[in-house]
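Structural overview
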Amino acid sequence: MGNGTSIGRVRGLGSSHEGTHHWLTARLTAVGNLVLITFLIVSLALLPDYTYATVRGWVARPLPSIALILIMINTFTHARMGVQVMLEDYIHGEGGKVAAWLLVNIVPFVAAAFGILSVLRIALGGA
Amino acid sequence: MAQAPKPRPLSPHLQIWRWGPGMLVSILHRVTGNGLAFAGLGLLLWWIGALASGPESYQSFLDYTWTGAGGGLQTATALLGKVVLVGLSWAFFQHAASGVRHLILDIGAGYELTANKTWSIATIVFSVIATVLFWAFLLLR
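Residues numbered from 1 in each chain as written. Chains lettered and ligands numbered in written order. Predicted model: local features only at pLDDT ≥ 70, side-chain atom pairs only at ≥ 80, totals over all residues.

Here we look at the overall build of chain A
Our working definition: The way it works is that DSSP assigns letters per residue, a run of H or I at least four long becomes a helix, a run of E at least two long becomes a strand, and they are numbered from the N terminus. What the globule rule says is 2.2 Å times the number of residues to the power 0.38, and the radius of gyration is computed from C-alpha atoms.
Each helix and strand counted, chain A has five helices and zero strands in total. Its helices and strands in sequence order give chain A the pattern α-α-α-α-α, from N to C terminus. Taking 2.2 N^0.38 as the reference for a compact globule, 127 residues should give roughly 14 Å; the C-alpha atoms of chain A span a radius of gyration of 20 Å, well beyond that estimate. Its C-alpha atoms put chain A at 65 × 25 × 25 Å along the principal axes.

Structure, rendered in structure tokens:
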């Protein structure tokens, strides 16, 4: 714990006062995922077959494209927060904390960008 | 005066507590969540990336994760793929159900001992039944 003084907070041992926002965003994206992933798996289950033409044709339609782009944003936001909390619980060394900080602040953004670009390539008809 | 840094206290870990449904569901929530985050989202990106890259990439994705058509390595990964996909569907249903349980706990309901135990068990019952029905629908229709 910090000792309540300014220097205690500077040493990074006090509250960052970001907990409530983190907590609320986790809940908000949870509800979003409940809707989006349910839409995704029900839609996929109802496809007549899983050939390239059928699946790509489905993704290219406006509603699935929008849902998939939102999924790329919402799931990676939610996963990033959950993985961050998990790492905070189990990683105690300073080096490990820096590595974890880099992981949760870089990988999800690269991954989501790749996912969004892939959906756009399909939706806009590129190859 | 600033205090000398000392080791932070750690809460007692798994082996200290007597297992109960609430504890099991809490652990499962973390395990399934991280499974979905790494394996689930990884597979989602592979799928959408392959779909964007063309018919050959998509066929390769299907062969490695499901059909095993190319033989050799693909036979092994396709077997693994089926286990992972069924596991991920269960993980989603379990994480979703215990996530809803958490939302209800967040509004201050469901803390009575019997209610807490009942709803913890209900999330597991739901996830198993939902997984069976989902795959029955996919494979038998």
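Following the structure, the description resumes.
So, the overall build of chain B
Put simply, the rule is: Burial is judged by counting the other C-beta atoms within 10 Å of a residue's own C-beta: 20 or more makes it buried, 12 or fewer makes it exposed, and any count in between marks it as partly exposed, with every C-beta position built from the backbone. A pair of residues counts as a contact when their C-beta atoms, built from backbone coordinates, are within 7 Å of each other.
Each helix and strand in chain B was counted, giving four helices and zero strands. In terms of C-alpha radius of gyration, chain B reaches 21 Å, well past the compact-globule figure of 14 Å for 141 residues. Viewed in the frame of its principal axes, chain B has a C-alpha envelope of about 65 × 45 × 30 Å. In chain B, which comprises 141 residues, the proportion classed as buried is 24%. The long-range share in chain B, meaning contacts at least 24 apart out of those at least 6 apart in sequence, stands at 59%.

Remarks on the interface of chain B and chain A
Where we set the bar: Each residue gets one label: Ala, Val, Leu, Ile, Met, Phe, Trp, Tyr, Cys and Pro are nonpolar, Asp, Glu, Lys and Arg are charged, and the others, such as Gly, are polar.
Contacts between the two partners involve 23 residues from chain B and, on the opposite side, 26 residues from chain A. Secondary structure elements with two or more residues in the side of chain B that touches chain A: helix H1 (21-53), helix H2 (55-67), helix H3 (73-106) and helix H4 (113-140) of chain B. If you tally residues by element for the side of chain B that touches chain A, the top one is H1(B), at 10 residues. Per-class residue counts for the side of chain B that touches chain A are 15 nonpolar, six polar and two charged.

Observations concerning the UniProt feature "transmembrane region" (unreviewed entry) in chain A
The criterion, for reference: UniProt positions are given in the numbering used here, feature names are shortened, and annotations may be inferred rather than shown by experiment.
Taking the numbering used here, the UniProt-annotated feature "transmembrane region" (unreviewed entry) corresponds to residues 24-47, 59-79 and 99-124 of chain A. Strand forms 0% of residues 99-124 of chain A and helix 96%; the C-alpha atoms that close the span are 37 Å apart.

Let's talk about the packing of H3(B) against H4(B)
Residues and elements named next belong to chain B. The cut-off we apply is this: Under this scheme, a helix contributes an axis fitted over its contacting stretch, all axes are lines through C-alpha atoms, and angles between N-to-C directions fall in the 0 to 180 degree range. Helix crossings are classified by the rotation of the near helix relative to the far one: an anticlockwise turn of less than a right angle makes the crossing left-handed, while a clockwise turn makes it right-handed.
Between H3 and H4, whose axes approach to 8 Å, the crossing angle comes to 145°. Once H3 is placed against H4, the crossing between them reads as right-handed. In this structure, H3 uses Val86, Ser89, Trp90, Phe93, Gln94, Ala97, Ser98 and Arg101 to contact H4, whose residues at the interface are Trp119, Thr123, Phe126, Ser127, Ala130, Thr131, Phe134 and Trp135. Among the residues making up the contact of H3 with H4, the classes are represented as nine nonpolar, six polar and one charged.

Some details on the UniProt feature "transmembrane region" (unreviewed entry) in chain B
Residues and elements named next belong to chain B. Under the local residue numbering, the UniProt record ascribes the feature "transmembrane region" (unreviewed entry) to residues 27-48 and 119-140. Span residues 27-48 is 100% helix and 0% strand, its end C-alpha atoms 30 Å apart. Annotated as 100% helix and 0% strand, the span residues 119-140 places its first and last C-alpha atoms 31 Å apart.

A look at H1(B)
Applicable threshold: To estimate how far a helix should extend, the number of its residues minus one is multiplied by 1.5 Å. By definition, a residue's bend is the angle between the axes fitted to the seven residues ending there and the seven starting there.
Across its 33 residues, H1(B) extends 45 Å between first and last C-alpha, which sits within 8% of the 48 Å expected from 1.5 Å per residue. Considering bend angle alone, the principal kink of H1(B) is centred on Leu36(B) and spans about 35°.

A word on the UniProt feature "binding site: heme" (unreviewed entry) in chain B
Residue and element names in this part refer to chain B. Mapped onto this numbering, the UniProt entry gives "binding site: heme" (unreviewed entry) at His95. You can see His95 is positioned in helix H3. Given 27 C-beta atoms within a 10 Å radius, His95 is considered buried. The contacts of His95, once residues within four sequence positions are left out, are His29, Thr32, Gly33 and Leu36.

Points about H3(B)
The end-to-end C-alpha separation of H3(B) is 47 Å, in line with the 50 Å expected for 34 residues at 1.5 Å each. Residues of H3(B) that are buried: Gly81(B), Ala91(B), Phe92(B), Phe93(B), Gln94(B), His95(B), Ala96(B), Ala97(B), Ser98(B), Gly99(B) and Arg101(B). The inward-facing, buried residues of H3(B) abut helix H2 (19-46) of chain A together with H1, H2 and H4 of chain B. Downstream of H3(B) by one or two residues, Gly108(B) has phi in the positive range, about 95°.

So, the confidence of the model for chain B
Close inspection of predicted coordinates is inappropriate in any region flagged by low pLDDT. Applied cut-off: The predictor reports its confidence for every residue as pLDDT, a score running from 0 up to 100.
Across chain B, pLDDT averages 93, with 96% of residues at or above 70. This prediction of the complex comes with two scores: 0.89 for pTM and 0.89 for ipTM.

What about the nonpolar core?
Which entries qualify depends on this criterion: To count as a nonpolar core, a set of buried Ala, Val, Leu, Ile, Met, Phe, Trp, Tyr and Cys residues must be joined through C-beta atoms within 7 Å.
The biggest cluster of nonpolar side chains holds 29 residues, and the ones touching the most others in it are Leu68(A), Met72(A), Val119(A), Ile48(B), Leu51(B) and Phe92(B). Of all the elements in the fold, those that place two or more residues in this core are H2, helix H4 (62-90) and helix H5 (94-123) of chain A together with H1, H2 and H3 of chain B. Apart from the residues lying within four places of it in its own chain, the contact partners of Ile48(B) are Leu68(A), Gly115(A), Ser118(A) and Val119(A).

A closer look at the packing of H2(A) against H4(A)
Residue and element names in this part refer to chain A. Convention followed: Geometric relationships in this document are graded by angle, where less than 35 degrees denotes roughly parallel, more than 145 denotes roughly antiparallel, 65 to 115 denotes roughly perpendicular, and other angles denote oblique.
Relative orientation of the contacting elements H2 and H4 amounts to 140°, with a least axis distance of 8 Å. Considered as vectors, H2 and H4 are oriented oblique to each other. Read as a crossing pair, H2 and H4 show a hand that is left-handed. Contact residues: His22, Thr25, Ala26, Thr29, Ala30, Gly32, Asn33, Leu36, Phe39, Leu40 and Ser43 in H2; Pro64, Ala67, Leu70, Ile71, Asn74, Thr75, Thr77, His78 and Met81 in H4.

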